[in-house]
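What follows is the residue order along each chain.
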Amino acid sequence: MDYAVIADAYEKIEATTKRLEMTDLLVDLLKKTPKNVIAKVVYLTQGKLYPDFVGLEIGVAEKLAIKALAKASGRKDIELLQLLSTIGDIGEVAEEVMKKKKQTTFGAQKTLKMLEVYETLDRMANKTGSGAVGSKMAFLAGLLSYASPKEAKFILRTVTGNLRLGIADMTVLDALAIAYGGGKEARELIERAYNISSDLGRVANVVAEKGLAGIKKFQVVVFEPIRPMLAERLSSPEEILEKLGGKCVAEYKYDGERVQAHKKGNEVVLYSRRMESISDQYPDAVELVRNNVNAEEAILEAECVAVDVETGELLPFQELMHRRRKYGVKEAMEQYPVSLFMFDALYVDGKDLTLDAYPLRRTLLEKAVKENDRVKAAKQRKTSSVKELEEFFEEAIEDGCEGLICKSVGADSVYQAGARGWMWIKYKRDYKSEMTDTVDLVVVGAFHGRGKRAGAYGALLLAAYNKEADTFETVTKLGTGFTDDDLKKLPELLREHVVPRKPSRVQSTLAADVWFEPNVVLEVLGAEITLSPIHLCALNSIRKGSGLAIRFPRFTGKYRTDKAAEDATTSAEVVEMYRNQLKQIGAA
Ligand code: ATP
């Protein structure tokens with residue numbers, strides 16, 4: 001397969017903002033792709049070489065990319081840097097200089113193959129240690145010297161992490177269903193395969209090679225993280241019990257970090273809620289899983305919670321921030337030890353449990369875990385009484401938890417990988433107070449500060465995620481709740497996500513001073529949700545022409561680094577919260 005086929009497709013995809021058109025273009029590309037390399041092409045279209053959980057990034061700094069381009073084009077670094085500062089996009093710089101080069105060179109050109117590009121990038125990604133920079137540069141310059149201007153543009157954007165075609169996972173799944181599943185109806189089955197593997201490449205490969213029959217046999221595999229099941233929310237025990245058919249098992253909602261522990265023999269990997277390996281942050285938790293899980297092979301879920309060394313009490317989520325570091329993990333581990341509260345079993349010794357009912361999963365979980373001071377199964381109570389639920393909730397709060405997660409015990413209580421459903425319903429303290437509720441919103445823009453905040457950001461433009469349209473719809477402007485430290489930290493955190501114009505997935509009527517690729521998620525406490533003529537969250541869903549806005553938002557101090565932009569509060573949830581709020585006002 002020629003890389004030019006891919007570059008052509010990218011160019012067309014880039015030119016559209018419509019998801020359906022984008023899907024069609026992707027279908028074309030996937031059909032043109034030989035089946036045995038389809039996984040690689042899928043990764044490349046998302047600017048990657050592997051699924052995210054592998055954690056291997058191409059990671060070429062702009063400076064290095066410029067050097068390689070200088071070598072391949074015969075220009076001087078400084079000249080290219082100047083061009084970059086006026087054009088602002090390394091891809092366009094490459095296209096321009098390679099065009100000029102083309103006019104001045106003669107002789108036969110080699111056609112660049114997709115596989116050659118992929119393998120060279122892979123070699124670059126794997127180079128570490130001394131001499132890595134030099135060899136990466138040589139590899140890249142080698143590729144560029146054969147590339148057409150258009151190819152050079154996309155290669156450079158890919159290696160510097162700036163490809164950003166806006167092809168979301170869901171778009172790839174749609175395209176696979178159309179190209180190889182016989183039509184869009186196949187999407188649900190294909191999506192399940194993705195949800196239990198987090199590997200779009202493997203899914204693409206199976207559906208292309210074996211069709212839907214292969215997808216139906218798709219199984220959970222140790223060391224491929226399963227996309228997490230999430231909970232809906234309700235604000236009263238009555239509603240919760242009603243929704244769960246009159247009975248449920250209520251569990252403590254521990255306030256820590258979710259981990260999905262994968263174990264095979266002595267090998268253990270912990271994946272975060274975003275399905276990245278976080279084993280390095282929690283060597284103690286790795287050890288706990290190794291020693292306290294009886295099964296040879298297992299995938300278990302747990303909440304990893306910081307505990308007070310002196311009192312053994314549970315500490316809030318924020319304390320885990322101390323563990324989020326590259327160096328000094330050992331010291332942090334002693335100062336801020338963690339406990340594991342196991343709450344699900346998804347795979348044990350060769351058996352995929354994701355389609356089993358929760359009571360069975362819990363029984364197998366208890367069997368697989370050897371409890372001690374630091375490892376326990378989540379505390380739970382089976383109940384059908386509102387009063388008991390209320391009491392258990394108070395007990396959970398008393399014990400340092402956020403509230404309860406009430407789980408269905410019905411025959412259909414399967415593990416809904418990658419979905420937020422009504423099998424799990426969370427009941428947190430904040431939902432009890434009238435119009436206060438925290439939401440996790442994505443930073444999509446910023447406004448420059450004035451006065452005391454001159455030079456920093458004055459306010460951030462935040463969005464909720466519209467899952468159906470795969471867009472980010474603005475819902476509020478956030479300017480309060482920041483400490484001086486936050487004000488310093490935010491621009492640093494956001495810098496790498498700055499883009500020159502409003503990203504195509506962002507829906508906004510406001511013109512921010514700075515736009516960001518949706519990435520950073522912040523927890524926000526709002527006072528009330530109102531209809532809004534400005535914000536586009538859930539536009540037209542309550543009233544024609546109006547969106548929803550969160551009034552008086554305040555940053556709670558929680559950076560939800562454990563969430564990707566697509567895990568933020570959805571527009572549909574904001575609608576639900578708005579409706580609940582009306583109910584509460586009505587009831588008062
Ligand atoms: P929140 O923003 O409320 O913390 P979230 O959006 O991260 O929640 P939810 O699905 O809303 O995710 O809440 C479920 C989260 O609660 C899980 O991701 C998990 O980390 C945590 N949790 C704590 N205890 C349990 C438990 N016993 N069972 C399931 N999840 C639990």
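Keep in mind that this is a model prediction, so the values were computed, not measured.

1. A closer look at the environment of Ala538
Then comes step 1: Within the fold, Ala538 resides in the loop between strand 19 (528-532) and strand 20 (547-551).
Then comes step 2: On the basis of relative accessibility, which here comes to 10%, the residue Ala538 falls in the buried class.
Then comes step 3: On a C-alpha basis, the gap between Ala538 and Lys99 in space is 45 Å, while along the polypeptide they are 439 residues apart.
Then comes step 4: The contacts of Ala538, once residues within four sequence positions are left out, are Glu473, Ser546, Gly547, Leu548, Ser571 and Val575.

2. Here's the deal with the side chain of Asp567
Then comes step 1: Mapping Asp567 onto the fold places it in the loop between strand 21 (554-559) and helix 19 (571-587).
Then comes step 2: In this structure the side chain of Asp567 is engaged in a polar contact, spanning 3.4 Å, whose partner is the side chain of Arg273.
Then comes step 3: Non-local contacts of Asp567, meaning those with residues more than four positions away in its chain, are made with Arg273, Arg274 and Arg420.

3. Comments concerning the confidence of the model for the protein
Then comes step 1: Chain-level statistics for the protein give a pLDDT mean of 91 and a share of 96% at 70 or above.
Then comes step 2: For residues 431-435, every residue scores under 50 in pLDDT, and the model assigns this stretch 20 contacts once sequence neighbours within four places are set aside.

4. Notes on the site of the ligand
Then comes step 1: Taken together, the neighbourhood of the ligand is formed by 20 residues, with Ala231, Arg258, Glu303, Lys426 and Lys563 sitting nearest.
Then comes step 2: One nitrogen or oxygen atom from the main chain of Tyr252 is found 3.0 Å from a nitrogen atom belonging to the ligand.
Then comes step 3: Arg560 places a side-chain nitrogen or oxygen 3.0 Å from an oxygen atom of the ligand.
Then comes step 4: Grouping the amino acids of the shell around the ligand by side-chain chemistry returns 8 nonpolar, no polar and 12 charged.
Then comes step 5: The residue makeup of the shell around the ligand includes at least three contributed by each of domain 2 (230-432) and domain 3 (439-587).

5. Concerning the packing of helix 10 (residues 169-180) against helix 11 (residues 187-195)
Then comes step 1: Running from N to C, helix 10 and helix 11 cross one another at 130°; their axes reach a closest spacing of 9 Å. In terms of orientation, helix 10 lies oblique with respect to helix 11. Read as a crossing pair, helix 10 and helix 11 show a hand that is right-handed. Residues Asp169, Met170, Leu173, Asp174, Leu176 and Ala177 of helix 10 form the contact with helix 11, whose participating residues are Arg187, Ile190, Glu191 and Tyr194.

6. Describing helix 17 (residues 386-398)
For the α-helix, the turn length of 3.6 residues means that residues three or four positions removed from each other point alike.
Then comes step 1: The first and last C-alpha atoms of helix 17 sit 18 Å apart over 13 residues, in line with the 18 Å expected at 1.5 Å per residue.
Then comes step 2: Here helix 17 has its buried residues at Leu389, Phe392, Phe393, Ala396 and Ile397. Seen along its axis, helix 17 keeps its buried residues to an arc of 140°; they face one direction. Within helix 17, the exposed residues directed more than 90 degrees away from the buried face are Lys387 and Glu398.
Then comes step 3: For helix 17, the secondary structure elements touched by its buried residues are helix 13 (237-243), strand 2 (248-253), strand 9 (380-383), strand 10 (403-407) and strand 11 (420-428).
Then comes step 4: Two or three places before Lys387, at the opening of helix 17, Ser385 has a side-chain oxygen 3.2 Å from that residue's backbone nitrogen.

7. So, the pattern of salt bridges
Then comes step 1: Tallying each qualifying case throughout the model produces 46 salt bridges.
Then comes step 2: Put simply, Arg273 and Asp567 hold a salt bridge, and the shortest N to O gap is 3.4 Å. Placement of Arg273 in the loop between strand 4 (267-271) and helix 14 (283-292) and of Asp567 in the loop between strand 21 and helix 19 is noted, with a sequence separation of 294 residues between them. An identical accessibility class is assigned to Arg273 and Asp567; each is buried.
Then comes step 3: When the shortest N-O distance is used, the salt bridge between Arg361 and Asp344 registers 2.7 Å. One end of the pair, Arg361, is in helix 16 (residues 358-368); the other, Asp344, is in strand 6 (residues 338-348), and 17 residues separate them in sequence. Both residues of the pair, Arg361 and Asp344, count as buried.

Definitions and limits used
- Residue numbers run consecutively from 1 along every chain, following the written order of its sequence.
- Note on the predicted model: pLDDT of at least 70 is required for a residue's local features to be given, and 80 or more for side-chain atom pairs to be given and counted; whole-chain, interface and lining totals, by contrast, use all residues.
- Hydrogens and water are ignored here; the side-chain numbers use all heavy atoms of the structure.
- Numbering goes from the N terminus for both helices and strands, where a helix is a DSSP run of H or I of at least four residues and a strand is a run of E of at least two.
- Exposure classes here rest on a 1.4 Å probe applied to the protein chains alone. A residue is buried below 20% of its type maximum, exposed above 50%, and partly exposed in between.
- When checking whether two residues touch, look at their non-hydrogen atoms; a contact exists if any pair is within 4.5 Å.
- Polar contacts, as used here, are pairs of N or O atoms within 3.5 Å; protein pairs need one atom able to donate a hydrogen and one able to accept it. Residues neighboring in sequence count only if both atoms are side-chain atoms.
- The predictor rates its confidence in each residue with pLDDT, a number between 0 and 100.
- Whether a residue is near a molecule or strand depends on its heavy atoms: it is near if one of them lies within 4 Å of it.
- Side-chain classes are defined by residue name, with Ala, Val, Leu, Ile, Met, Phe, Trp, Tyr, Cys and Pro counting as nonpolar, Asp, Glu, Lys and Arg as charged, and the others, Gly among them, as polar.
- For every domain, the bounds stem from an assignment made automatically or drawn from a database.
- To obtain each axis, a line is fitted to C-alpha atoms, and for helices this fit is confined to the stretch in contact; angles are then taken between N-to-C directions over 0 to 180 degrees.
- Working rule for angles: under 35 degrees goes down as roughly parallel, over 145 as roughly antiparallel, 65 to 115 as roughly perpendicular, anything else as oblique.
- Rotating anticlockwise by less than a right angle from the far helix to the near helix defines a left-handed crossing, while the corresponding clockwise rotation defines a right-handed one.
- In this analysis, the expected span of each helix is defined as 1.5 Å times one less than the number of residues it contains.
- Picture the helix axis, draw a direction to every C-beta atom, and the arc is the one those directions span.
- Criterion for a salt bridge: a side-chain nitrogen of Lys or Arg within 4 Å of a carboxyl oxygen of Asp or Glu.

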